[in-house]
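A structural walkthrough
Residues per chain, in single letters:
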Amino acid sequence: MAFDVEKEIKIFLISGVIVLLVYGVWLFISPESYRALLGSSRYFNPVGDRMIGGIFIAWAIIAIRLIKISDNWEKIEEWILFTAIAEILITIAQLLGIILYQILSIGTIIAMIITIFFAIVAIHIFIQKRN
């Protein structure tokens with residue numbers, strides 16, 4: 001069964017917006033509750049978490065704009081590549097946190113699953129559209 005890459009791009013962007021807004025708004029407004037709920041209070045930096053939340057919200061706003069032009073690959077190609085690279089780097093950072101600093105919680109595991117999933121889908125889309 002062949003994938004409909006155009007539809008896959010829209011689903012990827014919409015699901016990305018949802019995840020980015022949930023994490024972004026939560027981290028921006030209340031990083032304390034995020035850390036308390038997910039059991040990761042080690043190395044807690046509320047300002048850093050709020051900055052990451054702000055970046056996620058900005059990324060979601062860009063993704064919302066990209067949904068409108070998702071049928072034009074030339075206009076969104078660089079953003080899909082950016083997403084793949086960012087997700088890979090985030091996963092590496094999470095792995096380093098687990099290996100070097102023993103930061104392992106349910107929150108870390110959930111975040112790693114989400115970032116690995118989005119990295120794989122972004123790479124898949126990029127490869128499919130490049131062929």
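Refer to the structure printed above.
What you see is a predicted model; the values in this text were computed from it and never measured. (Residues numbered from 1 in each chain as written. Predicted model: local features only at pLDDT ≥ 70, side-chain atom pairs only at ≥ 80, totals over all residues. Heavy atoms only, no water.)

**Description of the packing of helix α1 (residues 5-29) against helix α5 (residues 106-130)**
- Remark: α1 packs on α5, axes separated minimally by 11 Å, with the N-to-C direction vectors making an angle of 155 degrees. As summarised for this structure, α1 and α5 are arranged roughly antiparallel, according to the angle between their axes. In the crossing of α1 with α5, the sense of the turn from one axis to the other is left-handed. Within the contact between the two elements, α1 uses Val 5, Glu 6, Glu 8, Ile 9, Phe 12, Ser 15, Gly 16, Val 19 and Tyr 23 and α5 uses Ile 110, Ala 111, Ile 114, Phe 118, Val 121, Ala 122, His 124, Ile 125, Gln 128 and Lys 129.
- A class-by-class count of the residues in the contact of α1 with α5 yields 12 nonpolar, 4 polar and 3 charged. (Axes fitted to C-alpha atoms, helices over the stretch in contact; angles between N-to-C directions. Helix = DSSP H or I, 4+ residues; strand = E, 2+ residues; numbered from the N terminus. Parallel < 35°, antiparallel > 145°, perpendicular 65-115°, else oblique. Left-handed = near helix turned anticlockwise from the far one by under 90°. Contact = heavy atoms within 4.5 Å. Nonpolar A, V, L, I, M, F, W, Y, C, P; charged D, E, K, R; others polar.)

**Some details on the packing of aromatic side chains**
- One pass over the full model with this rule turns up 8 aromatic pairs.
- Ring centres of Phe 12 and Phe 118 lie 5.7 Å apart, and the angle between their planes is 55 degrees; on these two criteria the pair is classed as tilted. Within this pair, whereas Phe 12 is found in helix α1, its partner Phe 118 is found in helix α5, the two being separated by 106 residues in sequence.
- Judged by relative accessible area, which is 6%, Phe 12 ranks as buried.
- On the basis of relative accessible area, Phe 118 is assigned to the buried category, the value being 8%.
- Relative to Tyr 34, the ring of Trp 26 lies with its centre 4.9 Å away and its plane at 90 degrees, an arrangement referred to as edge-to-face.
- Among the residues examined, Trp 26 registers a relative accessible area of 25% and is labelled partly exposed.
- Here the aromatic residues Phe 56, Trp 59, Trp 79 and Phe 82 are joined through ring pairs into a cluster of three or more. (Phe/Tyr/Trp six-rings, centres within 6.5 Å; stacked < 30°, edge-to-face > 60°. Buried < 20%, exposed > 50% of the residue type's maximum accessible area, 1.4 Å probe, protein only.)

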